[in-house]
Amino acid sequence: MILARAIGVTRRYGDVTALHDVHLDIPAGTVTGLLGPNGAGKSTLLNLLVGLRRATAGRIELFGGDPRDPARRRLLGMTPQETGLPGTLRVGEVVDFVSAHYPDPVPRAELLDRFGLADQHRKQTGGLSGGQKRRLAVALAFVGRPRLVVLDEPTTGLDVEARRALWDAIGSFHADGGTVLISSHYLEEIEALAQRVVVIGQGRVLAEDTVEAVRGLVGVRRVSLTTAELPDLPGVLGVERAEGRTHLLTADADQLVRDLVGTGAAFSGLEVRPTSLEEAFLTITARGDQPLADTVRGDQPLAA
Ligand SMILES: Nc1ncnc2c1ncn2[C@@H]1O[C@H](COP(=O)(O)OP(=O)(O)OP(=O)(O)O)[C@@H](O)[C@H]1O
């Protein structure tokens with residue numbers, strides 16, 4: 001069953017096209033990760049799916065109908081990228097207030113325990129740390145036992161321990177049959193949580209696949225060296241030259257280095273480093289608007 005669906009959705013803000021002809025299905029029982037660099041259109045897509053914004057063209061379906069219908073919205077839990085909590089209310093009071101909107105809310109103690117906030121229930125939210133506020137904001141998305149939870153970069157600003165605690169809570173919701181759509185900049189976050197990943201760049205869906213397949217696509221390494229003449233090497237996705245250095249992009253740095261040594265070419269200052277996800281996206285999306293799977297091919301240089 002498909003819980004949420006974008007059908008040929010375009011969204012413009014004035015002259016900016018934030019999303020262009022996006023198709024996306026969120027099947028029940030899955031954790032889908034939405035991955036993309038800054039400004040890719042992730043928040044816009046999430047906000048459209050939950051009915052906070054309207055599409056310029058195309059259609060959104062939430063639980064088979066209009067996402068603005070309150071009866072449908074009640075089956076949804078959402079934590080937007082930025083949340084404000086009333087600073088003078090206590091943590092427990094905020095949970096009670098939100099719980100009152102749902103017929104069968106998760107009991108307060110259970111919810112706070114699940115999100116590592118059990119000790120904080122008497123504290124005013126204004127006195128919570130940034131990480132605690134974020135955890136509370138995410139916990140509130142789960143209070144009404146939603147069928148679908150939408151989380152927009154839920155762990156931004158959290159330390160490693162808090163991030164893991166949140167992953168555990170999201171993971172156990174999924175283990176109980178829950179459906180989650182989560183956006184993130186962090187590949188490891190998507191790897192930890194999602195089975196399926198949708199890569200979005202410049203307002204378009206560039207890839208939609210298992211986490212493993214997409215990791216292969218964006219797992220590009222940068223091999224840098226100083227050399228007078230670069231031999232022909234297999235598996236080179238792109239070549240850049242800057243300040244006397246040659247930078248090769250490849251999905252298999254070990255093999256590339258073996259091949260390089262095998263050619264007998266003279267080189268110095270060999271360095272291998274992972275490209276960041278951001279960098280990989282910039283390189284890949286710089287090629288234009290082809291789907292990622294078509295873009296990352298060994299026979300095409302990625303960078304001019
Ligand atoms: N309210 C708005 N008014 C004008 N332009 C907007 C508005 N919201 C988003 N945009 C633009 O739409 C594009 C997509 O933005 P969006 O926030 O959806 O991206 P994102 O992938 O969520 O980015 P980030 O990872 O930085 O949160 C960007 O170019 C952004 O500047």
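Scroll up for the structure.
Everything quoted here is computed from the prediction, not taken from an experiment.

Asks: Would you take a moment to explain helix α3 (residues 91-99) for this structure?
Replies: Every α-helix winds through 3.6 residues per turn, so residues three or four apart in the chain are directed the same way. Listing the buried residues of α3 in full gives Val91, Val94 and Val95. Viewed end-on, α3 has its buried residues packed into an arc of 100°, placing them on one side of the element. Turning to α3, the residues buried within the fold contact α4 (108-114) and α5 (130-142).

Asks: So what exactly am I meant to see when it comes to helix α6 (residues 160-175) here?
Replies: Over its 16 residues, α6 runs 22 Å from end to end, which matches the ideal 22 Å to within 8%, given 1.5 Å per residue. Among all positions in α6, only Arg163, Leu166, Ala169, Ile170 and Phe173 are buried. Buried residues of α6, viewed axially, fall in a sector of 125°; they line one side. Residues of α6 that are exposed and point more than 90 degrees away from the buried face comprise Val160, Glu161, Ser172 and Ala175. Of the surrounding elements, those touching the buried residues of α6 are α4, α5, β6 (148-152), β7 (179-184) and α7 (187-193). Following α6 by one or two positions, Gly177 adopts a phi angle in the positive range, close to 105°.

Asks: What is the right way to look at unusual backbone geometry in this model?
Replies: Glycine aside, a negative phi is what most residues show, and trans is what most peptide bonds show. Non-glycine residue Asp21 carries a positive phi angle of around 50°. By the element assignment, Asp21 lies in strand β2 (residues 16-27). The phi torsion at Glu243 lies on the positive side, around 50°, for a residue other than glycine. One can find Glu243 in the loop between β11 (236-242) and β12 (245-250). Judged by C-beta crowding, with 5 C-beta atoms within 10 Å, Glu243 ranks as exposed.

Asks: What is the right way to read the packing of α5 against α6 from this model?
Replies: What describes two packed helices is the angle between their axes and the distance between those same axes. Relative orientation of the contacting elements α5 and α6 amounts to 5°, with a least axis distance of 11 Å. The orientation of α5 relative to α6 falls into the category roughly parallel. Across from Gly131, Arg135, Val138 and Phe142 in α5, the residues of α6 making contact are Ala162, Leu166 and Phe173. Here the residues of the contact of α5 with α6 sort into five nonpolar, one polar and one charged.

Asks: Explain the pairing of β7 to me, please; I cannot follow it from the model alone.
Replies: For β7, the buried fraction is high: six of the six residues fall into the buried class. Residues Thr179, Leu181 and Ser183 of β7 are buried on one face, and the alternating residues Val180, Ile182 and Ser184, pointing to the opposite face, are buried as well. In the sheet, strand β3 (residues 31-35) pairs with β7 via five bridges, with the strands oriented parallel. Residue pairing in the sheet places Leu34 in a bridge with Ser183 of β7. Bridge analysis of β6 against β7 gives five bridges, and the strand direction is parallel. Bridge assignment links Val150 to a residue of β7, and that residue is Leu181. Viewed along the sheet, the connection from β6 through α6 into β7 turns out right-handed.

Asks: Teacher, can you tell me more about the sheet that holds strand β1 (residues 2-13) here?
Replies: The strands making up a sheet associate through hydrogen bonds between their backbones, and the pairing can be parallel or antiparallel. Spatially, three strands are ordered β2-β1-β4 in an open sheet, and the strand pairing comes out antiparallel. Two strands bound the open sheet, and with one partner strand each, they are β2 and β4 (57-62). With strand direction ignored, the average angle separating the axes of adjacent strands in the sheet is 15°. Relative to β2, β1 runs antiparallel, the two sharing eight bridges. When the sheet's bridge partners are listed, Ile2 is paired in β2 with Pro27. Packed on one face of the sheet, helix α1 (residues 42-49) meets β1, β2 and β4 and runs near 125° to β1.

Asks: I keep staring at the nonpolar core and nothing clicks. Help me out?
Replies: Among the nonpolar cores identified, the biggest contains 61 residues, and Leu45, Leu49, Ala139 and Val150 are the most heavily contacted of them. It is α5 that contributes the most residues to this core, seven residues altogether. Non-local contacts of Leu45, meaning those with residues more than four positions away in its chain, are made with Ala6, Leu19, Val22, Leu34 and Ile200. Within the second largest apolar cluster, eight residues are counted, among which are Val220, Val223, Leu237 and Leu260.

What counts, and at which threshold
- Residues numbered from 1 in each chain as written.
- Predicted model: local features only at pLDDT ≥ 70, side-chain atom pairs only at ≥ 80, totals over all residues.
- Buried ≥ 20, exposed ≤ 12 C-beta atoms within 10 Å, placed from the backbone.
- Helix = DSSP H or I, 4+ residues; strand = E, 2+ residues; numbered from the N terminus.
- Arc of directions from axis to C-beta.
- Contact = placed C-beta atoms within 7 Å.
- Expected span 1.5 Å × (residues − 1).
- Axes fitted to C-alpha atoms, helices over the stretch in contact; angles between N-to-C directions.
- Parallel < 35°, antiparallel > 145°, perpendicular 65-115°, else oblique.
- Nonpolar A, V, L, I, M, F, W, Y, C, P; charged D, E, K, R; others polar.
- Pairing = 2+ DSSP bridges.
- Right-handed = clockwise from strand over helix to strand, strands pointing away.
- Core = buried A, V, L, I, M, F, W, Y, C linked by C-beta atoms within 7 Å.

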